[in-house]
Amino acid sequence: MASEDISQLAETLAKTQVGGVELSFKGRALKLDTAEAAAEIIEEIEKFDRLQALCLEGNTIGVEAAEAIAKSLVNKKELQKCYWSDMFTGRLRSEIPLALELRLNNCGMGIGGGQILAAALNECHRRSSELGKPMALKVFIAGRNRLENEGAIALAGAFKSIGTLEEVHMTQNGINHQGIRALAEAFTKNQNLRVINLNDNTFTEKGAIAMAEALKTLQNIEVLNFGDCLVRSKGAVAIAEAVKIGLTQLKELNLSFGEIGKNAAITVAEVMEHKSLLEKLDLNGNWLGEEGCEQLKELMDSFKKQDLLSSLSDDEGDGEDDEEEEGSRNIDEEEEDLRNIDEEEEDLRNIDEEEEDLRNSDEEEEGLRNDEEEKDNEEEEKVQVKESPDTNQVIEPSVRKFAESEAAVFLNSPSPDKFLNMGSKRSHLILQQTDLSSAEKVVQTFLKVAEVYKEDREVKTAVLDTADELLQKAFKTPGFQLDAFITTLLVYMGLLKSEEKIKATTNLIGPLSILKQVIQKDYFPRSFIPILRAFLLKKNRAFDNCRSAQNGLLEAINNL
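Residues numbered from 1 in each chain as written. Predicted model: local features only at pLDDT ≥ 70, side-chain atom pairs only at ≥ 80, totals over all residues. Heavy atoms only, no water.

### Here we look at the environment of Ala542
Turning to its location among the elements, Ala542 is positioned in the loop between helix H20 (528–537) and helix H21 (547–558). Looking at Ala542, the relative accessible area reads 26%, which means it is partly exposed. Distance in space between the C-alpha atoms of Ala542 and Met493 is 8.1 Å, their sequence separation being 49 residues. Non-local contacts of Ala542, meaning those with residues more than four positions away in its chain, are made with Met493, Gly494, Leu495 and Leu508. (Helix = DSSP H or I, 4+ residues; strand = E, 2+ residues; numbered from the N terminus. Buried < 20%, exposed > 50% of the residue type's maximum accessible area, 1.4 Å probe, protein only. Contact = heavy atoms within 4.5 Å.)

Okay, structure coming up:
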């Protein structure tokens, strides 16, 4: 993409209004070093109700001013977009990381939000790299967001590309060993990592061993917080081995509440003898027993480091190694049972879908019978047409009922013939059957129209025109949520996992072909482009039968 195109894109984004609730200081060339210098901006932010977008582009913000502005944004719960390009002109490299960190605690992102965030980070890194100034994100904080494995794996992909992380905090996200493995691999690409905080996720031995292997390559680690992560004895021993052969900068290790037995805990403590910078070792809440707790204290005392050992007041009592392994096997068996249950549920869903298809077939036949009756009645009625500023033509009530029933029949069970039979009013009729204020309803209608797409000239033209009008009207409808639309579209296309059970479309040729056309229209939001590109580049079985359409849309995006 040429620099002129990038400038034009930035200009377009900067002008974007989010529901009329954007506060912009664009291009004022303000130099804000202190909190006092930023007082005007802070006052405007604090008194701006329902702030959804903030533009600080074209100003230069220092660390103290950035901190003050950040505090003014704490209570802006509806903030959605920040336009902050060209915001650190003339600043030292050492200032920018302190002024710009990614903190997303307890935002309710979920899996989908994590994947979208990962896609955005990848796109930011790609574009900044093309300009010769790769994004250098240093601190990433996203605790209590239910990212789970899929969200963590997506973010791990972004972390691999970025490579400049120094702190990662992803506490309480429901991440299991699959996600932990992906993060561990990504961490090896971020050699400046100092802090890894994954408290209250579920490593199990598999995740802990994978993380231990990654730690062997990271020599700048100062803080490891794997508390409440179920690392178990084998995982703890593996982590201890990684600490023993490296991690000379280690200051804090938290392996509390991890179902760690006495012998494994002693092994962990033994490798602390030569860690001269150690400030804290936390092994509370494990399976040491009274004797094990005493041995641990005596060992740390022999190193003259007993005061660095956290309280053991919540110790869970004796836990023999063979019992711990048996517990591990039981949990593995439970996980296998859960997978079997998931497969059974999938089979049930397939049966439900087949029954739904049969019901739809019956309804379609009923609709066709009604269709024939309506056509017989239509021959006895006269059609009167008059001009309307909105649709150019309005169908009289005597015929409207029949026409609307045609649209309803099509949306219930789409086919090319039904689509063409609606005639030139098809777009208007389909829009009448769609709640244009609902992002989900618009997506569903869009995919129904896309379902009948084929290379036949008449059908193709009709589909593209109808989808174009649908999206154009929806995007201009007051209150329509654009962000919800793109997320919902990705879910229904099977490109983004939803926390709800949603039946995704099985053929993406139509949706991808339509998107190839509409992304070039002026009304189509430019903010959707990097999101689409990121998901098109991800490996996904949904693309197996539509490679040509996938590549066609990618090519159109790259040519914008």
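Let's pick the thread back up.
### A look at the pattern of salt bridges
One side chain can pair with another of opposite charge once the charged atoms of both are near each other. Enumeration according to the criterion identifies 18 salt bridges in this entry. For the salt bridge of Arg126 with Glu130, the shortest nitrogen-to-oxygen distance reads 2.7 Å. Pair noted here: Arg126 and Glu130 are both in helix H5 (residues 110–130), with a separation of four residues, about one helical turn. The class of Arg126 is partly exposed, set by a relative accessible area of 24%. Among the salt bridges present, the one from Asp544 reaches Arg547, with a minimum N-O distance of 3.1 Å. Taking relative accessible area as the criterion, Asp544 reaches 40% and is therefore assigned partly exposed. Linked through salt bridges whose partners overlap, the residues forming this network are Lys138, Glu166, Glu167, Arg194, Glu222 and Lys251. (Salt bridge = Lys/Arg side-chain N within 4 Å of Asp/Glu carboxyl O.)

### Overview of helix H9 (residues 232–245)
Here H9 contains 14 residues, and its C-alpha end-to-end distance of 21 Å stays within 8% of the 20 Å for a straight helix at 1.5 Å per residue. Here H9 has its buried residues at Arg232, Ser233, Gly235, Ala236, Ala238, Ile239, Ala240, Ala242 and Val243. Immediately downstream of H9, the backbone of Leu247 shows phi near 50°, a positive value. (Expected span 1.5 Å × (residues − 1).)

### A look at the nonpolar core
If you look at the biggest cluster of nonpolar residues, it comprises 71 residues, and the most contacted ones within it are Leu215 and Phe226. Elements supplying a minimum of two residues to this core: H5, helix H6 (148–162), helix H7 (177–187), helix H8 (204–215), H9, helix H10 (262–270) and helix H11 (289–302). In terms of residue count, the dominant contributor to this core is H6 (seven residues). Non-local contacts of Phe226, meaning those with residues more than four positions away in its chain, are made with Ile196, Leu198, Phe203, Met211, Leu215, Val231, Ile239, Asn254, Leu255 and Ser256. Among the nonpolar cores identified, the runner-up in size contains 62 residues, and Leu431, Phe480, Ile486 and Leu536 belong to it. (Core = buried A, V, L, I, M, F, W, Y, C linked by side-chain atoms within 4.5 Å.)

### Considerations on a negative patch on the surface
Negative charge collects at one region of the surface, where Glu290, Glu291, Glu294, Glu298, Asp301 and Asp318 lie side by side. As for its position among the elements, Glu298 is in helix H11. The exposure class of Glu298 is exposed, given its relative accessible area of 54%. (Patch = residues over 30% accessible without salt bridge, like charges linked within 9 Å, V, L, I, M, F, W, Y side chains within 5 Å. Areas by Shrake-Rupley, 256 points an atom, 1.4 Å probe, with all protein chains shown as cover. Lys, Arg positive; Asp, Glu negative; His and termini not counted. Charge placed at Lys NZ, Arg CZ, Asp CG, Glu CD.)

### Topic: the confidence of the model for the chain
When the pLDDT values of the chain are averaged, the result is 82; 78% of them are 70 or greater. Predicted confidence is poor over residues 12–19, with pLDDT under 50, and the contacts of this stretch with residues over four places away or in other chains come to 14 contacts. (pLDDT = per-residue confidence, 0-100.)

### Examining the sheet that holds strand S5 (residues 81–83)
Taken together, three strands build an open sheet; the order of strands is S1-S3-S5 and the sheet is parallel. Looking at the sheet topology across the chains shown, the edges are occupied by strand S1 (22–24) and S5. Each neighbouring strand pair of the sheet contributes to a mean axis angle of 10°, computed without reference to strand direction. Taken together, the three bridges between S1 and strand S3 (residues 53–55) define a ladder with parallel strand orientation. For Leu23, the partnering residue across the bridge sits in S3 and is Leu54. (Pairing = 2+ DSSP bridges. Axes fitted to C-alpha atoms, helices over the stretch in contact; angles between N-to-C directions.)

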